[in-house]
Amino acid sequence: MCRIGAIKSSMPVSPSVALNLMLPQQEGHDNSGFAMIMQDLEGVFSHYKDKPLLSLACTPQGVQLVNDFMEKKGFVQVAQWVPDVDRQPGLKVEAMPRYVFRNYDYPEIYRYRMQQDRDDLLLDTRLALRALLAKNNDGFVYSFWPDTLTLKEIGDPADIATYFRLWNDDERLTAKNIVVQCRQNTNYDIVRYAAHPFFIQGYTVCANGENTFFTRNKELQSALHRGYVGFESDSQTLLYTLHYVLHELEWPVKYFKHVITPLPFTEAEQRADGKVLALIRESLAHLEINGPNAIIALLPDGNMMTCCDSKKLRPVVVGRHKHMVAIASEVCGLNAILPDRDVAEDIYPHEREMVIIGNDLAVQRWNQ
Amino acid sequence: MESVKTQDVSVNDLCWKIDYRPDLCTRCGSCVAACTFAAIEPSRVRRHIQSHKTLNSAQEYAVPLVIKQKTSISHACVGCGMCEKSCPTGAIRPVRNMDQRFALLAREHGPIKRGGRSNLTMPRTLDAIVVGRISQMTDPALDSERHTFDMRSPLGRVMPAGDLPLRVEGTSLVLAGQTPRVTWIYPVIFSDMSIGALSTRAWEAIALATAYLNEKCGIPVRMCSGEGGMPGKLLESAQLKYMILQIASGHFGWNRIIRAMPRMKADPAGVLIKIGQGAKPGDGGLLPAAKVAPHIQAIRGVPRTTLHSPPNHQGLYSIEESVQKMHLSLNAAFGFRVPVAIKCAASATSVSVYNNLLRDPYRICGGFFIDGIQGGTGAANEVSLEHTGHPIVSKLRDCYQAAVAQGLQGQIPLWAGGGVGLSGNAAADAFKMICLGANGIIIGKILIQLLGCVGNEHGRCNACNTGKCPTGICTQDPRLVKRMDVDRGAQSIVDYMLAFDAELRKLMAPVGNSSMPVGRSDALVTTDRAVADKLGIQYAC
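Residues numbered from 1 in each chain as written. Chains lettered and ligands numbered in written order. Predicted model: local features only at pLDDT ≥ 70, side-chain atom pairs only at ≥ 80, totals over all residues.

Novice: Mind showing me how you'd approach the overall build of chain A here?
Specialist: Within chain A, the regular secondary structure consists of 10 helices and 16 strands. Relative to the 2.2 N^0.38 estimate, which gives 21 Å for 368 residues, the radius of gyration of chain A is 20 Å and therefore close to what a compact globule would have. Along the first, second and third principal axes, the C-alpha atoms of chain A reach 60 × 45 × 40 Å. Sequence-distant contacts in chain A: of pairs separated by 6 or more residues, those separated by 24 or more amount to 73%. (Helix = DSSP H or I, 4+ residues; strand = E, 2+ residues; numbered from the N terminus. Rg over C-alpha atoms; globule rule 2.2 N^0.38 Å. Contact = placed C-beta atoms within 7 Å.)

Set out below in structure tokens:
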């Protein structure tokens with residue numbers, strides 16, 4: 001089972017905190033990778049928060065391809081952070097030759113365009129880069145979005161952290177929001193794209209479990225939006241459903257829960273909003289999940305959300321103190337990074353519940 | 001030697017031979033009375049009797065009464081077994097005759113007509129498929145008896161989410177417009193067998209089972225009336241909500257339906273426009289005069305004559321026109337409160353029809369029912385039954401995948417039938433069909449088999465067209481109709497459906513699903529490579 005986690009903090013935190021959240025949860029051979037998405041960045045990226053940040057791992061040829069492509073499209077590089085990797089022998093990490101974290105300025109013609117046009121440009125650019133790098137297996141592009149960094153690698157999570165010097169806490173790489181997972185998808189092929197968290201246009205999702213309606217989700221999503229691609233993991237569909245409900249349909253966040261885990265018919269019929277719920281269920285029946293899943297999402301506005309499947313077949317727990325809220329599959333992770341919290345305040349979201357953590361760390365609980 | 005007349009019909013020319021044991025027979029006459037086809041008759045034969053009393057007794061002769069099979073095509077035994085069923089001593093039974101020449105002799109008065117399903121049994125695709133994704137390690141199995149299952153499927157036109165008239169108010173969505181009527185019903189519809197094709201008692205038993213399942217068992221199945229209307233009292237009762245009214249090319253019964261509209265207490269569950277039928281595509285309904293009893297004449301508003309619905313609806317010129325005229329007028333007839341669906345025989349063109357309907361700008365087609373070659377019928381030319389039609393499984397899948405290719409899956413619910421439950425295991429068939437893309441399934445023949453019909457796909461009985469149905473199910477002869485007990489018949493259907501429900505859960509639970517796994521083709525595997533390739537499911541060996 002995947003373990004997933006997330007941190008939302010009023011003070012920027014370094015990835016080591018996320019690692020400390022995750023490593024106690026590790027069991028057996030459940031250690032095939034490490035992946036995280038950081039949002040609301042500080043450190044080396046603090047001056048470029050409005051500049052789209054490209055996160056990719058590739059070959060030297062891949063770097064050249066990306067350089068040429070971005071130049072041709074009119075993107076201007078304004079900053080770059082190259083991780084100073086630790087190549088000590090014995091580390092279990094399948095490192096890629098190059099890691100690129102670059103801030104770009106928008107092409108000139110986009111300077112005065114609407115935000116939506118810019119958002120579409122960033123998505124289309126990521127998709128184009130993905131296709132470009134995939135052609136000759138030259139690398140992986142994870143995100144291209146302002147104030148958002150993605151790092152994914154295959155190997156032992158602790159060794160990956162050592163390789164990228166994430167234990168150093170040198171303040172160069174910090175963020176107020178981190179979503180993290182310490183496992184690759186060990187059921188299927190181990191591919192970097194299959195590692196959670198997944199990202200599209202400001203939406204981040206990390207999920208554990210098995211999406212038994214993956215085929216149905218995928219078949220509908222493939223036709224819904226050009227950005228719904230890949231499907232290397234059955235959890236990716238949860239990202240796309242979140243994006244579709246919030247970004248495309250522009251529905252309030254609670255309807256994500258209604259879409260993925262609709263109420264039983266007999267209950268929905270009794271409710272005052274029964275008609276609306278019925279319409280949603282009818283129209284988006286193919287986006288329902290019907291298996292075990294716990295979900296953590298980070299939204300473009302910085303709000304963090306967690307919920308689980310309709311039978312609570314996968315665990316998730318939220319713990320907090322004054323300056324930080326953390327979400328984890330297992331409470332041992334919270335104990336590691338929030339030992340002094342009031343455990344009586346811990347929230348174990350039930351099958352009908354959605355927990356939303358605002359930027360002021362206020363926790364809202366909403367029942368379906 | 002010339003006493004043998006080659007052209008004479010003999011018992012050995014018939015499909016069934018009567019195996020009669022005079023030594024067991026008590027001459028009670030039950031078998032002759034039970035045989036509705038007059039295939040047997042009492043007869044006297046001259047017999048030599050061997051006496052065991054004395055060694056040197058003279059030869060003795062007797063002329064005992066025996067039961068004799070008629071050697072006539074028009075009175076051929078159909079193997080229904082009513083003689084065996086009624087015989088108190090087990091002295092008589094029909095035996096299948098491998099050497100029969102019936103097909104060569106029975107066309108003396110034109111094409112052979114009969115009811116039932118195709119007898120040219122082809123291998124069932126559904127039997128080559130099993131539910132192969134039961135992992136437990138990855139997908140936790142549910143408990144079929146403890147978890148809540150949402151056994152519901154849509155009937156009605158489903159709107160794409162982006163077109164729903166919803167407005168955000170605060171953190172909620174509110175309805176800001178009209179949407180097509182969609183009802184969520186049990187994923188089984190009792191298929192369209194008319195009063196006329198069925199006896200009133202048989203039809204009543206199915207209607208009774210439908211109401212009982214809805215009101216006492218919480219299983220919201222719907223029943224389709226078949227062409228020919230229904231009793232006025234039912235039209236004006238609250239139970240109309242469980243009934244789907246059918247309109248077929250003869251429009252039989254609609255005069256009465258329209259006149260009953262002002263007095264209807266409830267809307268019907270739907271309207272089904274029948275274009276074609278899987279068992280005999282291209283043929284309209286056929287009700288032989290023998291079955292057009294006075295009450296059928298009353299319901300349909302016709303004289304006693306063979307009722308042959310035309311092959312096509314008169315107004316049907318194209319798919320677009322059918323949508324514009326038939327769908328629209330039937331939607332309008334019930335104030336757009338009742339889903340209007342269409343039923344076609346599966347065909348090489350089904351995907352084109354479905355595509356066309358999916359693009360209907362009025363969004364008034366509320367369901368696409370496709371009926372396969374292994375479906376049943378009350379009366380048809382045998383040549384149609386055996387040699388026309390299209391297998392349902394791949395056609396259902398083709399339609400579903402055509403919708404998937406356009407991202408339109410689910411917008412016009414797919415209901416499929418034609419051989420579902422042919423092997424007796426309707427729940428397994430239904431589950432597989434649903435995984436391949438059906439929203440629900442339609443069953444017909446199996447219902448009358450539950451009522452007691454003895455017809456099968458190996459040439460047994462299938463005399464639904466004759467008006468002489470020995471089980472009282474497909475006849476209007478009042479004496480025969482009394483053979484069927486309405487309550488026991490309804491109970492058989494209810495019992496079967498309760499088992500069906502439990503079995504469907506029993507298949508959903510291990511794959512970890514509590515709502516209908518429509519299109520979950522990953523749950524299926526097949527040991528047939530061709531089936532795997534055609535349906536896009538995993539091949540296993």
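Novice: What should I look at first to understand the overall build of chain B in this one?
Specialist: A count of helical and extended segments in chain B gives 16 helices and 25 strands. On C-alpha atoms alone, chain B measures out to a radius of gyration of 26 Å, which is about the 24 Å that the 2.2 N^0.38 rule sets for 541 residues. Sequence-distant contacts in chain B: of pairs separated by 6 or more residues, those separated by 24 or more amount to 77%.

Novice: What is the right way to look at helix H2 (residues 60-73) of chain A in this model?
Specialist: Residue and element names in this part refer to chain A. Between its terminal C-alpha atoms H2 stretches 20 Å, which fits the 20 Å expected from 14 residues at 1.5 Å a residue. Three or more residues of H2 are buried, namely Gly62, Val66 and Met70. In an axial view of H2, the angular spread of the buried residues amounts to 60°, which keeps them on one side of the axis. When the buried face of H2 is taken as reference, the exposed residues oriented beyond 90 degrees from it are Pro60, Gln64, Asp68, Glu71 and Lys72. Those residues of H2 that are buried are in contact with strand E3 (52-58), strand E5 (98-105), helix H3 (115-135) and strand E6 (139-146). Just past H2, the residue Gly74 takes up positive phi, approximately 90°. (Expected span 1.5 Å × (residues − 1). Buried ≥ 20, exposed ≤ 12 C-beta atoms within 10 Å, placed from the backbone. Arc of directions from axis to C-beta.)

Novice: Please clarify how the sheet that holds strand E16 (residues 363-367) of chain A should be interpreted in this entry.
Specialist: Pairing between sheet strands relies on hydrogen bonds along the backbone, with the strands arranged either parallel or antiparallel. Residues and elements named next belong to chain A. Read from one edge of the open sheet, six strands run E9-E10-E11-E12-E15-E16, paired in antiparallel fashion. The sheet is open, and its two borders are formed by strand E9 (198-200) and E16, each paired with just one other strand. Each adjacent strand pair in this sheet contributes to an overall mean axis angle of 20°, direction not counted. With four bridges joining them, strand E12 (residues 304-308) and strand E15 (residues 353-357) adopt antiparallel strand pairing. By the bridge assignment, Thr306 is partnered in E15 with Val355. Against the sheet, helix H6 (residues 236-248) makes contact with E9, strand E10 (203-209) and strand E11 (293-298), and its axis sits at roughly 140° relative to E10, the strand it touches most. (Pairing = 2+ DSSP bridges. Axes fitted to C-alpha atoms, helices over the stretch in contact; angles between N-to-C directions.)

Novice: Sorry if this is basic, but what is going on with the nonpolar core here?
Specialist: For soluble globular proteins, the rule of thumb is that nonpolar side chains tend to be buried together. Within the largest apolar cluster, 149 residues are counted, with the highest numbers of intra-cluster contacts made by Ile206, Phe368, Leu396, Ala430, Ile441 and Ile493 of chain B. In terms of residue count, the dominant contributor to this core is helix H15 (residues 486-508) of chain B (10 residues). Lining this core are residues from two domains, each supplying at least three of them: domain 1 (11-110) and domain 2 (128-173 + 183-539) of chain B. Here Ile441 of chain B is in contact with Pro187, Val188, Trp415, Ala416, Gly417, Val420, Ala430 and Met433 of chain B, once residues within four sequence places are set aside. Listed in part, the 115 residues of the second largest apolar core include Tyr104, Cys182, Tyr203 and Leu239 of chain A. (Core = buried A, V, L, I, M, F, W, Y, C linked by C-beta atoms within 7 Å. Domains from an automatic or database assignment.)

Novice: Honestly, the sheet that holds strand E24 (residues 524-526) of chain B in this entry has me stumped. Any pointers?
Specialist: Residues and elements named next belong to chain B. What the three strands build is an open sheet, ordered E8-E24-E25; its pairing is mixed. Across the chains shown, the open sheet's two edge strands, defined by having one partner strand only, are strand E8 (129-131) and strand E25 (538-539). Note that E8 and E24 share three bridges and pair antiparallel. Counted as the bridge partner of Ile129 is Thr526 from E24.

Novice: I tried to follow the environment of Thr241 of chain A on my own but got confused; where do I start?
Specialist: Residues and elements named next belong to chain A. Relative to the helices and strands, Thr241 resides in helix H6. As a C-alpha pair, Thr241 and Lys218 span 23 residues in sequence and 9.9 Å in three-dimensional space. Those residues within four positions of Thr241 in sequence are excluded, and the remaining contacts are Asn217, Phe256, Val259, Ile260 and Leu287.

Novice: Help me understand the interface of chain B and chain A in this model?
Specialist: Facing the 39 residues of chain B at the interface are 32 residues of chain A. Counting residues per element, the ones that place at least two in the side of chain B that touches chain A are strand E10 (166-169) and strand E11 (172-175) of chain B. Top contributing element to the side of chain B that touches chain A by residue count: E11 of chain B, with four residues. Here the residues of the side of chain B that touches chain A sort into 17 nonpolar, 17 polar and five charged. (Nonpolar A, V, L, I, M, F, W, Y, C, P; charged D, E, K, R; others polar.)

Novice: How should the packing of helix H4 (residues 200-215) of chain B against H15 of chain B be read in this particular structure?
Specialist: Geometry of a packed helix pair, given as the angle between the helix axes and the separation of the axes. All names here are of chain B. In contact at an axis separation of 8 Å, H4 and H15 are set at 45° when each is read in the N-to-C sense. In this view, H4 runs oblique relative to H15, as classed from their interaxial angle. Here H4 and H15 pass one another in a crossing that is right-handed. Contacts from Arg201, Ala202, Glu204, Ala205, Ile206, Leu208, Ala209, Tyr212 and Leu213 of H4 reach H15 at Val486, Gly489, Ala490, Ile493, Val494 and Met497. When the residues that make up the contact of H4 with H15 are grouped by side-chain class, the tally is 12 nonpolar, one polar and two charged. (Parallel < 35°, antiparallel > 145°, perpendicular 65-115°, else oblique. Left-handed = near helix turned anticlockwise from the far one by under 90°.)

Novice: Whenever I open this one, the environment of Asp119 of chain A confuses me. Can you help?
Specialist: On the secondary structure map, Asp119 of chain A appears in helix H3. Sequence separation between Asp119 of chain A and Pro52 of chain A is 67 residues, and the spatial gap between their C-alpha atoms is 9.8 Å.

Novice: What's the story with the domain arrangement of chain B in this structure? I'm lost.
Specialist: Where interface size is given, it is often the accessible area lost as the parts come together that is meant. Residues and elements named next belong to chain B. Along its sequence, chain B is carved into domain 1 (11-110) and domain 2 (128-173 + 183-539). A separation of 42 Å is found between the C-alpha centroids of domain 1 and domain 2. With eight residues of domain 1 in contact, the opposing surface of domain 2 contributes eight residues. Among the residues making up the side of domain 1 that touches domain 2, the classes are represented as five nonpolar, three polar and no charged.

Novice: How should I be thinking about the packing of helix H12 (residues 426-435) of chain B against H15 of chain B in this particular structure?
Specialist: All names here are of chain B. Packing of H12 against H15 leaves a shortest axis separation of 8 Å and a crossing angle of 45°. The orientation of H12 with respect to H15, classified from their angle, is oblique. Along this stretch, H12 crosses H15, giving a crossing that reads as right-handed. Touching Ala426, Ala427, Ala428, Ala430 and Phe431 of H12 are Phe500, Glu503, Leu504 and Leu507, all from H15. By residue class, the composition of the contact of H12 with H15 is eight nonpolar, no polar and one charged.

Novice: Can you walk me through the environment of Met114 of chain A in this structure?
Specialist: In this fold, Met114 of chain A is placed in the loop between E5 and H3. In this structure the C-alpha to C-alpha distance between Met114 of chain A and Asn137 of chain A, which are 23 residues apart in sequence, comes to 34 Å.

Novice: Teacher, can you tell me more about H12 of chain B here?
Specialist: Residues lying three or four places apart along an α-helix face the same way, a consequence of the helix completing one turn every 3.6 residues. All names here are of chain B. With 10 of 10 residues buried, H12 is to be regarded as a mostly interior element. Taken together, the buried positions of H12 are occupied by Ala426, Ala427, Ala428, Asp429, Ala430, Phe431, Lys432, Met433, Ile434 and Cys435. Just downstream of H12, Gly437 is the residue with a positive phi angle, here 130°.

Novice: Honestly, the pairing of strand E22 (residues 414-417) of chain B in this entry has me stumped. Any pointers?
Specialist: Successive side chains on a regular strand alternate, one facing one side of the sheet and the next facing the other. Residues and elements named next belong to chain B. Residues Leu414 and Ala416 line one face of E22 and the alternating positions Trp415 and Gly417 line the opposite face, and both faces are buried. Note: E22 against strand E23 (residues 440-443), three bridges, orientation parallel. Within the sheet, the bridge partner assigned to Gly417 lies in E23 and is Ile442. Note that the unit made of E22, H12 and E23 has a crossover that is right-handed. (Right-handed = clockwise from strand over helix to strand, strands pointing away.)

Novice: Can you walk me through the confidence of the model for chain B in this structure?
Specialist: Detailed reading of the predicted coordinates is not advisable wherever pLDDT is low. Scored by pLDDT, chain B comes out at a mean of 93, with 98% of its residues at no less than 70. Reported for the predicted complex are a pTM of 0.95 and an ipTM of 0.94. (pLDDT = per-residue confidence, 0-100.)

Novice: What is the right way to look at unusual backbone geometry in this model?
Specialist: Across the chain, the bulk of peptide bonds are trans and the bulk of non-glycine residues have phi less than zero. Residue and element names in this part refer to chain A. Between His196 and Pro197 the backbone carries a cis peptide bond, its omega angle lying at -5°. Among the secondary structure elements, Pro197 is positioned in the loop between strand E8 (173-181) and E9. One non-glycine residue, Asp169, lies in the positive phi region at around 50°. Tracing the sequence through the fold places Asp169 in the loop between helix H4 (157-163) and E8. With phi around 55°, Phe231 is a residue other than glycine that occupies positive phi space. Mapped onto the secondary structure, Phe231 falls in the loop between helix H5 (214-224) and H6.

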